[in-house]
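The chain contents come next:
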Amino acid sequence: MTEPRPISIVPSVLPADFSRLGEECVALAEAGVDRIQWDVMDGRFVPNLTFGPDVIASCRKHVDIPFEAHLMVLDPDELAGRYVDAGCEILIVHAETAPHLHRTLARVRELGASPAVALNPATPVAAVQHVLDLVDMVLVMTVNPGFGGQDYIATMEPKVAEVRALADAQGLTLDVEVDGGIGPSTIAGAVTAGANVLIAGSALYRDPEGLGHAVSDLRARAEAARAS
Ligand code: DX5
């Protein structure tokens, strides 16, 4: 078993005020998040349309914390370079969108970004077992991608554990990220299953005590689950 990877609390800006994204990024950084996730959606792989590279580039100068682009797009090969140029240090490619996934992930690293691979709920871990050596992180989706505010799919927890076990078996030190429905009542299950990077959108923005409290509370719950 490799050394446990540190807990990271990473917001999705999907619920943020899109008319003030620069200020929203500053508020997230001040709230203590570890980095920011941009849910990039092309309206084809998922039924929603969100952030182009220019939008992210316009926010880059406002904060120093890393940006990750969750590429929910049908053509990651075409778009990867533009999101790296926009200032994203991590690119998450969906296994379902790249017929030549091994080459696509290798190219992300060649572009100077950290490659990660995502699995939709129905996609088996076997789909990524031959590319784990190319990535720094695996994202196990705990909702069907496209929208925030959905219910957590708890049946993904054994899949999180399977990814963690496969990485350990290959002697790889990987982050395992979960995304969708993560909040005070679900984060412990995800961490206990083996996730260490927790994406949260709605849970952060609906906290009546504000972003800072929400981030601290989720981090405390994740660390407590890790320690139990
Ligand atoms: C789905 C999105 C959401 C978002 C987080 O495509 O990726 O999972 O990031 O949404 P919440 O935290 O509101 O479930």
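Please refer to the structure placed before this passage.
This report concerns the structure included in the present document. (Residues numbered from 1 in each chain as written. Predicted model: local features only at pLDDT ≥ 70, side-chain atom pairs only at ≥ 80, totals over all residues. Heavy atoms only, no water.)

1. What about the pattern of salt bridges?
Part 1 of the reasoning: Taken as a whole and assessed by the stated rule, the structure comprises 10 salt bridges.
Part 2 of the reasoning: In this structure, Arg5 and Asp175 form a salt bridge, with 2.8 Å as the shortest nitrogen-oxygen distance. With a gap of 170 residues between them, Arg5 in the segment before strand E1 (8-11) and Asp175 in strand E7 (residues 175-179) connect regions that are remote in the sequence.
Part 3 of the reasoning: On the basis of relative accessibility, which here comes to 29%, the residue Arg5 falls in the partly exposed class.
Part 4 of the reasoning: The closest approach of N and O atoms between Arg20 and Glu23, which form a salt bridge, is 3.0 Å.
Part 5 of the reasoning: Connected through shared salt-bridge partners, Asp17, Arg20, Glu23 and Glu24 make up one network. (Salt bridge = Lys/Arg side-chain N within 4 Å of Asp/Glu carboxyl O. Helix = DSSP H or I, 4+ residues; strand = E, 2+ residues; numbered from the N terminus. Buried < 20%, exposed > 50% of the residue type's maximum accessible area, 1.4 Å probe, protein only.)

2. As for the site of the ligand
Part 1 of the reasoning: As a structural note, the neighbourhood of the ligand is formed by 19 residues, with Asp39, Gly146, Asp179, Gly201 and Ser202 the closest of them.
Part 2 of the reasoning: Between Ser12 and the ligand, the recorded distance is 3.3 Å, taken from a side-chain N or O atom to an oxygen atom.
Part 3 of the reasoning: Asp179 is positioned with one of its side-chain polar atoms (N or O) 2.5 Å from an oxygen atom of the ligand.
Part 4 of the reasoning: Against a free-state accessible area of 370 Å², the protein chains account for coverage of 98% of the ligand.
Part 5 of the reasoning: Among the elements of the structure, strand E2 (36-41), strand E3 (67-72) and strand E8 (197-200) are those that each provide at least two residues to the shell around the ligand.
Part 6 of the reasoning: Looking at the shell around the ligand element by element, the count peaks at 3 residues for E2.
Part 7 of the reasoning: For the shell around the ligand, the per-class residue count stands at 7 nonpolar, 10 polar and 2 charged. (Near = heavy atom within 4 Å. Polar contact = N/O pair within 3.5 Å; in protein donor to acceptor, adjacent residues only side chain to side chain. Areas by Shrake-Rupley, 256 points an atom, 1.4 Å probe, with all protein chains shown as cover. Nonpolar A, V, L, I, M, F, W, Y, C, P; charged D, E, K, R; others polar.)

3. Focus: the pairing of E7
Part 1 of the reasoning: E7 sits mainly inside the fold: 5 of its 5 residues count as buried.
Part 2 of the reasoning: Residues of E7 alternate between two faces, with Asp175, Glu177 and Asp179 on one and Val176 and Val178 on the opposite face, all of them buried.
Part 3 of the reasoning: With 5 bridges connecting them, strand E6 (residues 137-141) and E7 associate as parallel partners. In the sheet register, Val138 faces E7, and the bridge partner there is Val176.
Part 4 of the reasoning: In this sheet, E8 lies alongside E7 in parallel orientation, the contact comprising 3 bridges. (Pairing = 2+ DSSP bridges.)

4. Overview of the sheet that holds E6
Part 1 of the reasoning: Judged by pairing direction, the sheet is parallel, and its 8 strands sit side by side in the order E1-E8-E7-E6-E5-E4-E3-E2 without closing on themselves. The two strands at the open ends of the sheet, each matched to only one other strand, are E1 and E2. Averaged over neighbouring strand pairs, the angle between their axes works out to 25° when direction is ignored.
Part 2 of the reasoning: Contacts from helix H1 (residues 21-30) reach E1, E2 and E3 within the one sheet, and its direction differs from that of E2 by about 140°. (Axes fitted to C-alpha atoms, helices over the stretch in contact; angles between N-to-C directions. Contact = heavy atoms within 4.5 Å.)

5. Observations regarding the nonpolar core
Part 1 of the reasoning: Trp38, Leu91 and Leu198 are the most contacted members of the largest nonpolar core, which totals 74 residues.
Part 2 of the reasoning: Residue contacts for Leu198: discarding those within four places in its chain leaves Ile7, Ser8, Ile9, Val10, Val178, Ile182, Ile187, Ala190, Val191 and Ala222.
Part 3 of the reasoning: Among the nonpolar cores identified, the runner-up in size contains 11 residues, and Val10, Ala118, Met137 and Ile199 belong to it. (Core = buried A, V, L, I, M, F, W, Y, C linked by side-chain atoms within 4.5 Å.)

6. Looking at the packing of aromatic side chains
Part 1 of the reasoning: Following the criterion strictly, the structure yields 3 aromatic pairs and no others.
Part 2 of the reasoning: Centre to centre, the rings of Trp38 and Phe51 are 5.0 Å apart; their planes meet at 85°, and the pair counts as edge-to-face. Linking Trp38 in strand E2 with Phe51 in the loop between E2 and helix H2 (53-60), this pair joins segments that are 13 residues apart in sequence. In this pair, the class of Trp38 matches that of Phe51, namely buried.
Part 3 of the reasoning: With centroids separated by 5.5 Å and ring planes inclined at 70°, the aromatic side chains of Trp38 and Phe67 adopt a geometry described as edge-to-face. Of the two residues, Trp38 sits in strand E2 while Phe67 sits in strand E3, which places them 29 residues apart along the sequence. (Phe/Tyr/Trp six-rings, centres within 6.5 Å; stacked < 30°, edge-to-face > 60°.)

7. Section: the state of the cysteines
Part 1 of the reasoning: As enumerated under the stated definition, the model contains 0 disulfides in all.
Part 2 of the reasoning: Looking at the unpaired Cys59, the closest cysteine sulfur is the one in Cys25, lying at 4.4 Å.
Part 3 of the reasoning: Accessibility expressed as a relative area gives 2% for Cys59, which makes it buried.
Part 4 of the reasoning: In this structure Cys88 is a free cysteine whose sulfur lies 10 Å from that of Cys59, the closest cysteine sulfur available.
Part 5 of the reasoning: Note on Cys88: relative accessible area 3%, which makes it buried. (Disulfide = S-S within 2.5 Å.)

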